[in-house]
Amino acid sequence: MGRAPQQQESFRLDPQLRIASAAARRRASGFTLLEVLIAVALIAVMSTLLVPSMRGLMGIAGPRGGVNTVASAVEQARLSALESGVDGYVGFPEDLPGGDDPYSAVIVFREAREDEDGDYVAVSRWMRLPRGIFVDASGLSGSVSADGALPKLDSAPAGQLRVLRFDRFGKLYSSENEQTLRVGEKAEPEKDFLRGNYFELAVQPLTGRAIITERTGGGAR
């Protein structure tokens, strides 16, 4: 007997597969005008959402970030004096390693108690201000030589510090007037005056509390 001829199988492409195939061909040939318009609209919406966030980050990295760091240090020193019963300090180094601007870092420390060794005890780590930001500490009359008594700043000893000092009651030490610090950006690297907007941080003598005020325009020291 002869073999029956083989029947060729036939099939029909599923409609969904046909649609997907057509879409793939369109994508391979380029974007449609509608797709481009949708992409442009999405970029515009994302840019609108990101701009405020970027401005906020710039504020953190500028004078506002610097004055917030200093204000936190002031409050930490005040609380440390109250809790320990000995004088607390906010220190700004006159000399920084690597040629950085003076008074662009801050540390909180206190006097050592009778049962502790040394003259001073660090309360905080060293805190760097944002790059290009420094504290105008010219109005501070107090200074401390802290060589060997505090942690090193990078690889260098702390050296000479300009200080705010709080007594054991959390008040400014032996001061009838408030102490005001200015925090901002240097106009020129070799000159100690501010440019643009800056912040004043006024420390009240009786309470030790810090009040922050934004100022417009820099000024000479």
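Whatever comes next refers back to the structure up there.
Residues numbered from 1 in each chain as written. Predicted model: local features only at pLDDT ≥ 70, side-chain atom pairs only at ≥ 80, totals over all residues. Heavy atoms only, no water.

1. Some remarks on the nonpolar core
Grouped together as the largest cluster of nonpolar side chains are 26 residues, with contacts concentrated most on Val-70, Val-74, Val-90, Phe-92, Val-135, Leu-164 and Phe-166. Those elements that provide at least two residues to this core are α3 (63-84), β1 (88-93), β2 (105-111), β5 (133-136), β7 (160-166), β8 (179-188) and β9 (191-203). Contact partners of Phe-92, with chain neighbours within four places excluded, come to Val-70, Tyr-103, Ala-105, Val-106, Val-135, Leu-140, Gln-160, Leu-161, Arg-162 and Leu-181. Trp-126, Ala-146, Leu-161 and Val-163 belong to the second largest nonpolar core, which has 14 residues in total. (Core = buried A, V, L, I, M, F, W, Y, C linked by side-chain atoms within 4.5 Å. Buried < 20%, exposed > 50% of the residue type's maximum accessible area, 1.4 Å probe, protein only. Helix = DSSP H or I, 4+ residues; strand = E, 2+ residues; numbered from the N terminus. Contact = heavy atoms within 4.5 Å.)

2. Comments concerning the pairing of β2
Across the seven residues that make up β2, a large majority, six, are buried. Examined bridge by bridge, β1 and β2 share four bridges and lie antiparallel to one another. Bridged to Gly-88 within β2 is Arg-110. The pairing of β2 with strand β4 (residues 127-128) spans two bridges and is classified as antiparallel. Residue Ala-105 lies in a different strand from β4, and its bridge partner there is Arg-128. In this sheet, strand β3 (residues 120-122) lies alongside β2 in antiparallel orientation, the contact comprising three bridges. In the strand pairing of β3, Arg-110 is matched with Val-121. (Pairing = 2+ DSSP bridges.)

3. A look at a nonpolar patch on the surface
A surface patch of nonpolar side chains, about 310 Å² in accessible area, is lined by Leu-34, Ile-38 and Leu-42. By the element assignment, Leu-42 lies in helix α2 (residues 33-60). (Patch = residues over 30% accessible without salt bridge, like charges linked within 9 Å, V, L, I, M, F, W, Y side chains within 5 Å. Areas by Shrake-Rupley, 256 points an atom, 1.4 Å probe, with all protein chains shown as cover. Salt bridge = Lys/Arg side-chain N within 4 Å of Asp/Glu carboxyl O.)

4. A few points about the pattern of salt bridges
Two side chains carrying opposite charge are able to pair once their charged atoms lie near each other. Considering all chains together, one arrives at 11 salt bridges under this definition. Where Glu-111 meets Arg-165, a salt bridge forms, and the shortest distance between an N and an O atom there is 3.1 Å. In this pair, Glu-111 sits in strand β2 while Arg-165 sits in strand β7, placing the two residues 54 residues apart along the sequence. According to the relative accessible area criterion, Glu-111 is partly exposed, its value standing at 24%. Since its relative accessible area comes to 27%, Arg-165 is described here as partly exposed.

5. A look at the environment of Ile-211
By the secondary structure assignment, Ile-211 is in strand β10 (residues 210-215). Take Ile-211: its relative accessible area is 45%, and that puts it in the partly exposed class. Considering only alpha carbons, one finds Ile-211 and Glu-200, 11 residues apart in sequence, at a separation of 8.0 Å. With residues up to four places along the chain from it excluded, the contact list for Ile-211 reads Glu-200, Leu-201, Ala-202 and Gln-204.

6. With respect to unusual backbone geometry
Its identity is not glycine, yet Tyr-103 carries a phi of approximately 60°, on the positive side. Counting through the fold element by element, Tyr-103 comes out in the loop between β1 and β2. Relative accessible area serves as the criterion here: at 9%, Tyr-103 is assigned to the buried category.

7. Details of α3
Helix length check: α3, at 22 residues, gives a terminal C-alpha distance of 31 Å against a target of 32 Å (1.5 Å per residue), a fit within 8%. A positive phi of about 80° marks Gly-85, the residue just after α3. (Expected span 1.5 Å × (residues − 1).)

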